[in-house]
Amino acid sequence: MVGPKTTHWKLEPHTKAKHEILRGYLNGWFPVMSRYNDRIFFFDGFAGPGRYENGEAGSPIIALTTLLDHAHFSKMECDFLFMFCEHDPKRFASLEAEIEKLQNARAPWPRNVKVQLVNEEFEARASNIVTEMKRLKKQLVPTFAFVDPFGVSGLPIAVIKDLLASPRCELFVNYMVDSVNRFAGAGNIDHHLRDLFGTERYKEAANLQGQPRQLFLHDLYEEQLKSTCEFPFVQSFAMINSHGHIGYYLFYGTRDIKGLEIMKDSMWKIDPGGDYRFSDRLVGQTILFIEDGLDVRPLRQAILTEFAGKAVPIQQLEEFTISRTPYRKSHLRRPVLTPMEKENVIQVRRPGKSGFPPGTIVLFPA
Ligand SMILES: C[S@@+](CC[C@H](N)C(=O)[O-])C[C@H]1O[C@@H](n2cnc3c(N)ncnc32)[C@H](O)[C@@H]1O
């Protein structure tokens, strides 16, 4: 529907940022998942040609090299299955050549890293996997699905839901909000939009303008990922285009708080004060940087409000920070809890003498 016509194209800064987030996440995901599973699956549904115009790596090469170059790769004993799906024949041929080059350069190729390339549409391949799993009466192994289209067609939420239904499957999807914004009231691609959202509610955007419209479309997709795909944790990241508008959101959906922690850490490494930004809001408030660093006052206030009058295990405070605020786990202890304890705002019952180790209970004022 949109996107370049050529086999290769220029790597834009926002794509580079997207790749950094992907790399950062996989760097944390591979060791965690390989510790607890015999096999894990990386499914790149819109894989691209493998390289950009000036030779920069595309997502398949990034995923593979993040694993192969990982400091702990030799200790990861599980099988890694990579599937790269690209429907355009020329891009597929380019991808095949790039993967072959990588495999030759890294020979002998590790036996536990298996790569499959498919010259198909994402929807067909994903449905095929679902059918095969049903036939075998098996659940899909823990999966990270990267769904990175140019537009809004070919990624029905019903297919994503079925593909990622088992507990340890997660999604990283490029949601082209700009296209949705443009076409939401036009009526000419309604079948794609209905598939994308799994509801007709996107039509309500026609009554809105500007930022409220953008926000509505963001929140609707988030809601659908939570309700239809049953991801309790959803985190988005807004990508600003060269016109200063949000071109697309990266949405990450998971059922695992640890996954959310790793993804937020990875997103935070991309400069939130630069061209890219966090889109999530904490009661309408975005995170600010004040002179001597990050402004953690909104986190402190959110915690005081949420837990007023309660005795709360440290783990619950961590989960709240990760899943209900834009902040990271590392923003909780030293930046927020330590000063509150010094100021006698909170009381702390801890197993040891200092810090906030597991088993710590924090008592909040009413
Ligand atoms: C945004 S690019 C992917 C870039 C790649 N993920 C990366 O980060 O390097 C989208 C790719 O999906 C391919 N594509 C478009 N529609 C598709 C579909 N329905 N199924 C699979 N691939 C598709 C396009 O040819 C294009 O190469």
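Calculation rules
- Residues numbered from 1 in each chain as written.
- Predicted model: local features only at pLDDT ≥ 70, side-chain atom pairs only at ≥ 80, totals over all residues.
- Heavy atoms only, no water.
- Pairing = 2+ DSSP bridges.
- Helix = DSSP H or I, 4+ residues; strand = E, 2+ residues; numbered from the N terminus.
- Axes fitted to C-alpha atoms, helices over the stretch in contact; angles between N-to-C directions.
- Contact = heavy atoms within 4.5 Å.
- Parallel < 35°, antiparallel > 145°, perpendicular 65-115°, else oblique.
- Left-handed = near helix turned anticlockwise from the far one by under 90°.
- Nonpolar A, V, L, I, M, F, W, Y, C, P; charged D, E, K, R; others polar.
- Phe/Tyr/Trp six-rings, centres within 6.5 Å; stacked < 30°, edge-to-face > 60°.
- Buried < 20%, exposed > 50% of the residue type's maximum accessible area, 1.4 Å probe, protein only.
- Lys NZ or Arg CZ within 6 Å of the ring centre and 35° of its normal.
- 1 Å grid on protein atoms, 1.4 Å probe; cavity = no way out; pocket = protein on both sides within 12 Å on 5 of 7 lines; lining within 4 Å.
- Points joined across faces, edges and corners; volume = space filled by probe spheres on them.
- Right-handed = clockwise from strand over helix to strand, strands pointing away.
- Core = buried A, V, L, I, M, F, W, Y, C linked by side-chain atoms within 4.5 Å.

### Details of the sheet that holds strand 11 (residues 311–313)
Strand pairs in the sheet, formed through backbone hydrogen bonds, run parallel or antiparallel to each other.
No. 1: On the basis of which strands lie adjacent, the open sheet formed by three strands has the order 11-13-12 and antiparallel pairing. Only two strands of the sheet have a single neighbouring strand rather than two, namely strand 11 and strand 12 (347–349). In this sheet, adjacent strand axes meet at a mean angle of 25 degrees when their direction is disregarded.
No. 2: When strand 11 meets strand 13 (residues 361–363), the two strands line up antiparallel, connected through three bridges. If you follow Val312 over to strand 13, its bridge partner there is Val362.
No. 3: Together, strand 11 and strand 13 form the strand contacts of helix 11 (residues 314–324), whose direction differs from that of strand 11 by roughly 80 degrees.

### Considering the packing of helix 9 (residues 257–268) against helix 11
No. 1: Between helix 9 and helix 11, the least distance of the axes is 10 Å, while the angle of their chain directions is 55 degrees. Classed by the angle they form, the pair helix 9 and helix 11 counts as oblique. The hand of the helix 9/helix 11 crossing is left-handed. Listed contacts from helix 11 to Ile257, Leu260, Glu261 and Lys264 of helix 9 are Glu319, Thr321, Ile322 and Ser323.
No. 2: Tallied by class, the residues present in the contact of helix 9 with helix 11 amount to three nonpolar, two polar and three charged.

### Some details on the packing of aromatic side chains
No. 1: One pass over the full model with this rule turns up 28 aromatic pairs.
No. 2: Taking the centre distance of 5.2 Å and the plane angle of 55 degrees together, the rings of Tyr25 and Tyr252 count as tilted. In this pair, Tyr25 is assigned in helix 1 (residues 13–36) and Tyr252 in strand 7 (residues 246–254), connecting sequence segments 227 residues apart. Each member of the pair Tyr25 and Tyr252 is classed as buried.
No. 3: Over the face of the ring belonging to Phe356 we find Arg350, whose NZ or CZ atom lies 5.2 Å from the ring centre.

### Things to note about the layout of surface pockets
No. 1: Within this model, the largest pocket holds a volume of roughly 1300 Å³.
No. 2: Looking at the lining of the largest pocket, the elements that each hand over two or more residues are helix 1, helix 4 (122–136), helix 6 (177–183) and strand 7.
No. 3: In terms of residues, the lining of the largest pocket owes the most to one element, helix 1, which gives four residues.
No. 4: Of the residues belonging to the lining of the largest pocket, the class tally is 18 nonpolar, 18 polar and 14 charged.

### Things to note about empty space enclosed by the protein
No. 1: One pass over the structure, following the stated rule, counts one cavity of 30 Å³ or more.
No. 2: Taken as a whole, the largest cavity spans an internal volume of roughly 90 Å³.
No. 3: Trp29, Met33, Glu170, Asp256 and Gly259 are, among the 14 residues lining the largest cavity, the residues nearest its centre.
No. 4: Among the elements of the structure, helix 1, strand 5 (169–175) and helix 9 are those that each provide at least two residues to the lining of the largest cavity.

### Observations concerning the pairing of strand 5
No. 1: Burial within strand 5 is extensive, with seven of its seven residues counted as buried.
No. 2: Along strand 5, one buried face is formed by Cys169, Leu171, Val173 and Tyr175 and the opposite face, lined by Glu170, Phe172 and Asn174, is buried too.
No. 3: Bridge analysis of strand 4 (residues 143–147) against strand 5 gives five bridges, and the strand direction is parallel. Bridging across to strand 5, Val147 finds its partner in Val173.
No. 4: One crossover worth recording links strand 4 to the parallel strand 5 by way of helix 5 (residues 157–163), and it is right-handed.

### Digging into the environment of Gly352
No. 1: In this structure, Gly352 sits in the loop between strand 12 and strand 13.
No. 2: Taking C-alpha positions, Gly352 is 38 Å from Leu22, a pair spaced 330 residues apart along the chain.

### Quick word on the side chain of Ser179
No. 1: Looking at the secondary structure, you find Ser179 in helix 6.
No. 2: Not counting the four nearest positions on each side in its chain, Ser179 is found in contact with Val2 and Val152.

### Describing the nonpolar core
No. 1: With 92 residues, the main nonpolar core has Phe80, Phe82, Phe144, Phe172, Tyr175, Phe197 and Tyr221 as its most contacted residues.
No. 2: Broken down by element, this core gets its largest block of residues, nine residues, from helix 1.
No. 3: Formed by 20 residues, the second largest nonpolar core is a distinct cluster that contains Leu299, Leu317, Leu337 and Val348.

### A closer look at the side chain of Glu261
No. 1: Along the chain, Glu261 turns up in helix 9.
No. 2: In contact with Glu261, other than residues within four places in its own chain, are Ile322 and Lys329.

On their own, these measurements won't tell you what the molecule is for.
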